[in-house]
Amino acid sequence: MIFLSNYCKLIFIPLMFINVFLLMSSNSWMMLWICFEINLMSFIPLLNNNTKFSSEMSFNYFISQSFGSIIFFLASMQLSLNSLIYTSILFYSILNMKMFWLMLISLSMILKLGLFPFHYWYPKVIKNISWMNMFILSTWLKISPLMIMLFFPLINKIWFISIFFSMIISLMGLNQTSLRLIMCFSSMNHLSWMTMNIILNKFSWLIYFIIYTLIMLSSIIPFNLFNLNTLTDLFKMMYSYKNMKSLILLNFFSLSGLPPFLGFYPKLISIKMLLLNSFYFMSIFMMMCSLISIFFYLQIISSNLFLLSNESKINMFKYKFLKNNFLYLFIPLFLSLSQLISLM
């Protein structure tokens, strides 16, 4: 079983990475749909981690993504047929139908991204997923739907409504103790910012995505290394490993978008784009939601900073492998250098 799991990773992870570049170079609706299906079939084997939740995770992910792919396929095929029968007599009816099919494509991408009102599958999958699979799902697998938004003139009103409610739903992270769910709702918050950037500016979303990916990776590596699941596990690990404490706090500060950390920079660009396009209410709303998200990150940080130092510690025997793999500790530290540079 371990060999099969490693074999799946060896085959399907490179396939997912290559598939994104294949989607970027596609010039037909059919090829775009095939790329979505390759992503779906490549990620499902990685969800099989031999736990009792594997089948549930795979089922939830498969149903949501396949349903989004069906809507995308039907709408894109109808758009292709409409372009073939384009005549002056049918101009107005075809124009209205084109808007309808574009609306369906927008809804299918919202479903694939896990934004409102199709966000229910996302926390259910994230809740029991491994940390590295969570990183892939939260970053790399989001590129394909975001690229569809970038290349095609979709219905912006639908996206604004989805972003508005997704920002509110992301505040559900306030009452969570599971680290995976906290990172899940944080991902929904950042995804709302990225989709807003795509609507307003074609370049700023790429800056946001790269910065978010680096911060997310530097946060997930220690979580995966120490097998952390809850806030209690996180606090215990921080008391046992003082050198990791500053790294994780730095990542939380950056994820919250608190100035002058690196995570604040893409949000500053986003606010600037909103103001330049006269979206004053939306800019105020997103800033208010960001303040509340900063609050639940600061709540975690303050709980750790002010707890008494005689709290129970993690059994050091569990982490003897660190003596042989001490080099891995420098990976998240290296990825956090960009955050330290932003403080200078």
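Calculation notes
Residues numbered from 1 in each chain as written. Predicted model: local features only at pLDDT ≥ 70, side-chain atom pairs only at ≥ 80, totals over all residues. Heavy atoms only, no water. Helix = DSSP H or I, 4+ residues; strand = E, 2+ residues; numbered from the N terminus. Buried < 20%, exposed > 50% of the residue type's maximum accessible area, 1.4 Å probe, protein only. Contact = heavy atoms within 4.5 Å. Areas by Shrake-Rupley, 256 points an atom, 1.4 Å probe, with all protein chains shown as cover. Phe/Tyr/Trp six-rings, centres within 6.5 Å; stacked < 30°, edge-to-face > 60°. Lys NZ or Arg CZ within 6 Å of the ring centre and 35° of its normal. pLDDT = per-residue confidence, 0-100. Patch = residues over 30% accessible without salt bridge, like charges linked within 9 Å, V, L, I, M, F, W, Y side chains within 5 Å. Salt bridge = Lys/Arg side-chain N within 4 Å of Asp/Glu carboxyl O. Polar contact = N/O pair within 3.5 Å; in protein donor to acceptor, adjacent residues only side chain to side chain. Core = buried A, V, L, I, M, F, W, Y, C linked by side-chain atoms within 4.5 Å. Axes fitted to C-alpha atoms, helices over the stretch in contact; angles between N-to-C directions. Parallel < 35°, antiparallel > 145°, perpendicular 65-115°, else oblique. Nonpolar A, V, L, I, M, F, W, Y, C, P; charged D, E, K, R; others polar. Expected span 1.5 Å × (residues − 1). Left-handed = near helix turned anticlockwise from the far one by under 90°.

As a further point, take the overall build of the protein. When its secondary structure is counted, the protein shows 17 helices and zero strands. Among the 344 residues that make up the protein, the fraction classed as buried is 52%. Across the protein, the fraction of contacts at a sequence separation of at least 24, relative to all contacts at a separation of at least 6, is 76%. Of the roughly 16700 Å² of accessible surface on the protein, a fraction of 73% belongs to carbon and sulfur atoms.

This next bit is on unusual backbone geometry. For the bond running from Pro259 to Pro260, omega is 5°, close enough to zero to count as cis. Summarising the element assignment, Pro260 is placed in the loop between helix H12 (242-256) and helix H13 (264-276). Of note, Asn227 is a non-glycine position whose phi angle comes to about 55°, a positive value. Structurally, Asn227 is set in the loop between helix H10 (204-225) and helix H11 (231-240).

For the coordinates displayed, the defined rule picks out 14 aromatic pairs. Taken together, a centroid distance of 6.1 Å and an interplanar angle of 55° make the contact between Phe21 and Trp140 tilted. Here Phe21, found in helix H1 (residues 2-24), pairs with Trp140, found in the loop between helix H6 (131-138) and helix H7 (143-151); they are 119 residues apart in sequence, far enough to count as distant. Linked through ring pairs, Phe43, Tyr61, Trp121 and Tyr122 together constitute an aromatic cluster. Lying over the aromatic face of Tyr122, Lys142 brings its terminal NZ or CZ to 4.2 Å of the ring centre. Of note, Arg180 hangs over the ring of Trp131, and the distance from its end group to the ring centre comes to 4.6 Å.

This part takes up the confidence of the model for the protein. Any residue range with low pLDDT should be treated as having predicted coordinates unsuitable for detailed reading. Here the protein averages 77 in pLDDT, and 78% of its residues register 70 or above. By mean pLDDT, helix H15 (residues 321-324) is the weakest element of the protein at 43, and H6 is the strongest at 91. For the stretch residues 85-92, pLDDT sits under 50, and the model shows five contacts to residues farther than four places along the chain or on other chains. Across residues 308-344 the pLDDT falls below 50, and counting only partners more than four positions away or on other chains, this stretch makes 53 contacts in the model.

Attention now goes to a nonpolar patch on the surface. On the surface, Met41, Phe59, Phe62 and Ile63 cluster together to form a nonpolar patch covering roughly 380 Å² of accessible area. When residues of the nonpolar patch are assigned to their parent elements, the largest contribution, three residues, is made by helix H3 (residues 54-84). Its location among the elements puts Phe59 in helix H3.

With respect to the helices, strands and loops of the structure, Ser64 is situated in helix H3. Within polar-contact distance, the side chain of Ser64 engages the backbone oxygen of Asn60 at 3.0 Å. A distance of 3.0 Å separates the side chain of Ser64 from the backbone oxygen of Tyr61, its partner in a polar contact. In contact with Ser64, not counting residues within four places along its chain, are Leu111 and Trp121.

Attention now goes to H7. Structural remark: α-helix, 3.6 residues per turn; residues separated by three or four positions point the same way. With eight of its nine residues buried, H7 lies for the most part within the structure. Along H7, the residues classified as buried are Ile143, Ser144, Pro145, Leu146, Met147, Ile148, Met149 and Leu150.

The next subject is the nonpolar core. Ranked by size, the top nonpolar core spans 105 residues in total, and within it Phe43, Tyr61, Ile129, Leu137, Phe223, Leu234 and Met286 carry the most contacts. Considering every element that reaches this core, the biggest residue donor is helix H9 (residues 179-200), with 14 residues.

With that settled, the discussion passes to the packing of H9 against H10. For the pair H9 and H10, interaxial distance at closest approach is 9 Å and the crossing angle is 170°. Between H9 and H10, the crossing angle belongs to the class labelled roughly antiparallel. Of H10, the residues touching H9 (which contributes Leu179, Met183, Ser187, His190, Trp193, Met194, Asn197 and Ile198) are Ser204, Trp205, Tyr208, Phe209, Tyr212, Met216, Ser219 and Phe223. Looking at the contact of H9 with H10 residue by residue, the class counts come to eleven nonpolar, five polar and no charged.

Between its terminal C-alpha atoms H10 stretches 32 Å, which fits the 32 Å expected from 22 residues at 1.5 Å a residue. Of the residues one or two after H10, Asn227 is the one with positive phi, at around 55°.

Its location among the elements puts Asn19 in helix H1. One polar contact links Asn19 to Asn39, side chain to side chain, over a distance of 3.1 Å. Setting aside residues up to four positions removed in sequence, Asn19 forms contacts with Cys35, Ile38 and Asn39.

What follows concerns the packing of H10 against H12. Between H10 and H12, the shortest axis-to-axis distance is 10 Å and the interhelical angle comes to 145°. Relative to H12, H10 is oriented so that their crossing is left-handed. Residues Tyr212, Ile215, Ser218, Ser219, Pro222 and Phe223 of H10 form the contact with H12, whose participating residues are Met244, Leu247, Ile248, Asn251, Phe252, Ser254 and Leu255. Of the residues that constitute the contact of H10 with H12, the class distribution is nine nonpolar, four polar and no charged.

Structurally, Asn197 is set in helix H9. Overall, the relative accessible area of 1% leaves Asn197 in the buried class. In this structure, the C-alpha to C-alpha distance between Asn197 and Ile269, residues 72 residues apart in sequence, is 8.8 Å. Setting aside residues no more than four positions away along its own chain, Asn197 makes contact with Lys202, Ser204, Trp205, Tyr208 and Ser270.

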